[in-house]
Amino acid sequence: MRGWTVMQPKNIATFECEVIQKEFKLIGQSITVNFPDSFPDAAIKLQKDFFNRVDEVHNTKSKEVLFSPYMCNEIIATYFACLEVDEIDKIPEGMIGFKLPMTKYAKISCSNKTISEGYDAVFAWMKEHGYKQRWFDHSSPVEIYYIDENALEETAEILIPIY
């Protein structure tokens, strides 16, 4: 499907939205905490802790791309820090391996510094185009971070399951 550009008046950032279909095989770690009180601190700590262990994960597609699916309501959130793998095998101790099946997502590109605006923009785009968010029926929202340790701002993507 064709993408759509959303202009954000706060910082005049442009976000590109599109619909994609994707499945993921992931291995990583998770944390469950009170929401929203523990965010984003808990997510940042989990990601840093996981990066100390990425070399333990075999069959990775890239060690520079962090996948963070999550499940959240207004009480608690479970947040993951994962790498995408070719096969879910040899799961390191203290980690989990799982597959997110083929799902249709609304996808928006932003950065780690504009992720809040990215969420606003993707939900506005979904509303404008008549999409609704799928809730936890074999799907999960996913944040994707393209890690560049030398950059102050890194590319990120938000994927929201839709129907």
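Coordinates for the structure precede this section.
Everything in this summary refers to the structure shown in the same document. (Residues numbered from 1 in each chain as written. Predicted model: local features only at pLDDT ≥ 70, side-chain atom pairs only at ≥ 80, totals over all residues. Heavy atoms only, no water.)

## A short note on the pattern of salt bridges
Evaluated as defined, the whole model comprises nine salt bridges. Of the charged contacts, one joins D55 and K63 as a salt bridge, the two residues approaching to 3.3 Å between their closest N and O atoms. On the accessibility criterion, D55 (62% relative accessible area) is exposed. (Salt bridge = Lys/Arg side-chain N within 4 Å of Asp/Glu carboxyl O. Buried < 20%, exposed > 50% of the residue type's maximum accessible area, 1.4 Å probe, protein only.)

## Quick notes on helix 2 (residues 115-128)
Taking 1.5 Å of rise per residue, 14 residues should cover 20 Å, and helix 2 covers 20 Å from first to last C-alpha, within 8% of that figure. Looking at helix 2, one finds that the buried residues are I115, E117, G118, Y119, A121, V122, W125 and M126. Two residues or fewer after helix 2 comes G130, characterised by a positive phi angle close to 75 degrees. (Helix = DSSP H or I, 4+ residues; strand = E, 2+ residues; numbered from the N terminus. Expected span 1.5 Å × (residues − 1).)

## Observations regarding the pairing of strand 7 (residues 155-161)
The side chains of a regular strand alternate, residue by residue, between the two faces of the sheet. Of all the seven residues making up strand 7, six are buried; the element is thus mostly covered by neighbouring parts of the structure. Where strand 5 (residues 96-111) lies against strand 7, seven bridges are found, and the strand directions are antiparallel. Note on strand 7: the bridge partner recorded for A106 is I160. By the bridge criterion, four bridges tie strand 6 (residues 142-146) to strand 7 in an arrangement that is antiparallel. Its bridge partner being in strand 7, V142 is matched across the sheet by L159. (Pairing = 2+ DSSP bridges.)

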